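What follows is each chain in one-letter form.
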Amino acid sequence: MSIQLNIRNAGLRENELAFVRPQVEAAFKTLMDHSGAGAEMLGWHDLPNTYDKEEFARIKAAAKRIQEQSQVLVAIGIGGSYLGARAALEFVKGPFGNQIKGKGVEVYFAGNNISSDYVQNIFDIIGDRDFSVNVISKSGTTTEPAVAFRLFKAKLEEKYGKEGAKSRIYATTDAKKGALRGLAVEEGYETFVVPDNIGGRFSCLSAVGLLPMAAGGIDIDAVMKGCADACERYKNPDLFQNDAMLYAATRFIMLMKGKSVEILASYEPSLTMFGEWYKQLMAESEGKDNKGLFPVSANFTTDLHSIGQFIQDGSRTMFETVLWVKNARQELYVPNDPANVDGLNFAAGVSMQEMNEKAMKGTLLAHVDGGTPNLLVTLDKLDDYGFGELVYFFWKSLAISGYMIGVNPFDQPGVEAYKKNMFALLGKPGYEDARGALEARLESLK
């Protein structure tokens, strides 16, 4: 097992896990039986055994073609259509993966905001180099990716002509319907499928995430192997033999004891985007009906010099789940300095990984002593296999946790509210009736 959960510093009393055991095992059974709310969206649950092998082969072939004809891939999508792939690339290749030459193209992500400066920065980074585009949208009408696709499609057609652009555009969309599917058929783009039974935040190991990952140099066979092994491991119905269940149970106990915030803390910058992926997974899944834990992420030791003060001495509303990576990709050691101007010679010859570990353990003890419970999730290393494994661990835990608090973990009704207001203010057809009232409310706030 390359993932291990340690809850000894969670501050649980002896009877608490026994008390919630019937609830967590009932939620686990509901998930395994596909008998709960949102069961039609459980395509991710057995994905390692049921994914489309023919499409998987096409994804690898398309990735190879992108690598042969381009130096850059622009992946266009928002939410689950980009977070998982970006998290994977930084997980495996590090935060400077685009700048370090190796296998795979540089991958940049667009369509996750409405900033013209952001898009122009990507144009500037591409410069005169060859590039391809993977547009990812089930409908093709989501505002942010639709705007970005118009811009990058125009750039491609300007550079390569309409015919040349076709071979550089890959559409990941609905299998049969939607604006993007229609455009892809009309224009002749190669297409991949956003599965009907997998929601966006669970989609990173479908074609949604796999094509940008593979083009960027990720070994997607190893990713799926890690996911498959985790899928098998977390089928055990015994709470104390299944870390995914144990994590869900512990989170539930934290909620019952008045904790309202979960901090996912890591000590590797390579995990920063994984924290962003985790926030979407948890927030969109559990934040309903005035329920759920509010998920935030932090990267230590960096954030110990900012929010660390609050975690140590602020209001006791939170607990931490710490992601710890046992093995660095490469060991670096603190050199000796005869002058010892910085007073650091006490650490001469010590590896940075060891220093990081001592910082993690010292922080854990300090935060626990300050009243912040800590859970520890340990990974062997940051590699392709480990990404697939860790993703499935969080998927399974979250689904169990959602059923325990009594929500449908697989819908997101609240996400539509801002869109309706934005469409009305922009004058989109069909929203005209709401525009006047919204503008009046905004005027009253000036």
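Per chain, residues are indexed from 1 in the order of the written sequence. Thresholds applied to this predicted model are a pLDDT of at least 70 for local features of residues and 80 or more for the giving and counting of side-chain atom pairs; totals over whole chains, interfaces and linings are not thresholded and use all residues. Remark: hydrogens and water are excluded; side-chain values derive from all non-hydrogen atoms of the structure.

A. Examining empty space enclosed by the protein more closely. Within this scheme a cavity is a closed region of a 1 Å grid, computed over the protein atoms alone, that accommodates a 1.4 Å probe without allowing it to escape, whereas a pocket is open but has protein on both sides within 12 Å along at least five of seven lines; lining residues each have an atom within 4 Å of a point. Grid points are joined across faces, edges and corners, and a volume is the space filled by probe spheres set on the points. Per the stated rule, a full pass over the model turns up 1 cavity of 30 Å³ or more. Volume-wise, the largest cavity comes out at about 40 Å³. Along the walls of the largest cavity sit R251, F252, L255, E286, G292, L293, S401 and I405, which together make up its complete lining. Going along the chain from the N terminus, every DSSP run of H or I of four or more residues is numbered as a helix, and every run of E of two or more is numbered as a strand. Mapped by element, the contributors of at least two residues to the lining of the largest cavity are α10 (243-256) and α14 (384-405). No other element matches the 3 residues that α10 contributes to the lining of the largest cavity. The class makeup of the residues in the lining of the largest cavity is 4 nonpolar, 2 polar and 2 charged. In this classification, Asp, Glu, Lys and Arg are treated as charged, Ala, Val, Leu, Ile, Met, Phe, Trp, Tyr, Cys and Pro as nonpolar, and every other residue, Gly included, as polar.

B. Local environment of the pattern of salt bridges. A side-chain nitrogen of Lys or Arg and a carboxyl oxygen of Asp or Glu constitute a salt bridge if their distance falls within 4 Å. Overall, the coordinates contain 31 salt bridges when judged by the stated rule. For the salt bridge of E25 with R21, the shortest nitrogen-to-oxygen distance reads 2.9 Å. With a gap of 4 residues between them, E25 and R21 both fall in helix α1 (residues 16-33), about one helical turn apart. The salt bridge involving K162 is made with E187; its shortest N-O contact spans 3.4 Å. In this pair, K162 sits in helix α6 (residues 143-166) while E187 sits in helix α7 (residues 179-187), placing the two residues 25 residues apart along the sequence. Note on exposure labels: buried denotes an accessible area under 20% of the residue type's maximum, exposed denotes more than 50%, and partly exposed covers the range between, all computed with a 1.4 Å probe on protein chains only. Classification of K162 by relative accessible area gives partly exposed; the value is 43%. Overlapping salt bridges bring together E54, R58, R65 and E190 as one network.

C. How the structure looks around the packing of aromatic side chains. Only the six-membered ring of Trp is used, alongside the rings of Phe and Tyr, when aromatic pairs are assigned; centres must lie within 6.5 Å, and planes under 30 degrees apart are stacked while those over 60 apart are edge-to-face, with the rest tilted. Tallied over the entire structure, the rule returns 26 aromatic pairs. A centroid spacing of 6.0 Å and a plane angle of 55 degrees characterise the contact between W44 and Y392, whose relative ring orientation is tilted. Note that W44 is positioned in the loop between α1 and α2 (47-50) and Y392 in helix α14, a separation of 348 residues in sequence. A ring pair is formed by F423 and Y431, whose centres lie 5.4 Å apart and whose planes are at 65 degrees; its orientation type is edge-to-face. Looking at Y431, the relative accessible area reads 27%, which means it is partly exposed. Grouping aromatic residues by their ring pairs yields a cluster made of F91, Y234, Y247, F274, W277, Y278, F387, F393 and F394.

D. Up close: the environment of L17. Along the polypeptide, L17 turns up in helix α1. Residue L17 is classed as buried on the basis of its relative accessible area of 12%. Spatially, the C-alpha atoms of L17 and A39 are 27 Å apart, while their sequence positions differ by 22 residues.

E. View of α7. Inspection of α7 places L180, R181, A184 and E187 among the buried residues, and these make up the whole buried set. Take α7 and look down its axis: the buried residues cluster within an arc of 145 degrees, on one side only. Residues of α7 that are exposed and point more than 90 degrees away from the buried face comprise V185 and E186. We call two residues in contact when some of their heavy atoms are within 4.5 Å. On its buried face, α7 sits against β4 (131-136), α6, β5 (169-173) and β6 (190-193). Looking one or two residues beyond α7, the residue adopting positive phi is G188, at roughly 90 degrees. Comment: arc refers to directions from the helix axis out to C-beta atoms.

F. Expanded view of the packing of helix α8 (residues 207-215) against helix α9 (residues 220-233). Helix axes are fitted only over the stretch in contact, all axes being lines through C-alpha atoms; the angle between N-to-C directions runs from 0 to 180 degrees. Where α8 meets α9, the axes come as close as 10 Å, and the angle between the chain directions of the two elements is 135 degrees. Considering the angle they form, α8 stands oblique to α9. Judged by residue contacts, L210, M213 and A214 of α8 engage I220, V223 and M224 from α9. Split into classes, the residues belonging to the contact of α8 with α9 amount to 6 nonpolar, no polar and no charged. Oblique is the label for every angle not falling under 35 degrees (roughly parallel), over 145 degrees (roughly antiparallel), or within 65 to 115 degrees (roughly perpendicular).

G. Just the sheet that holds strand β2 (residues 72-76), in detail. Across the sheet, 5 strands lie side by side as β3-β2-β4-β5-β6; this open sheet has parallel pairing. For this open sheet the edge positions go to β3 (106-110) and β6, each flanked by a neighbour on one side alone. Neighbouring strand axes in the sheet, compared pairwise and without regard to direction, differ in orientation by 20 degrees on average. Pairing between strands is defined by DSSP: at least two bridges between the two strands are required. Alignment of β4 against β5, held across 4 bridges, turns out to be parallel. Paired with V133 across the bridge in β5 is I169. Against the sheet, α6 contacts β2, β3, β4 and β5, and its axis sits at roughly 140 degrees relative to β4.

H. Unusual backbone geometry, seen in detail. Residue T301 is bonded to the preceding F300 through a cis peptide linkage, with omega at 10 degrees. Turning to its location among the elements, T301 is positioned in the loop between β8 (294-299) and α12 (308-313). The phi dihedral of N290 is positive, around 60 degrees, even though this residue is not glycine. Tracing the sequence through the fold places N290 in the loop between α11 (272-286) and β8. Backbone geometry at N340 places phi at a positive 50 degrees, although glycine is not the residue there. Take N340: it is sitting in the loop between β9 (318-325) and α13 (352-369). Residue classification places N340 among the partly exposed positions, given a relative accessible area of 29%.

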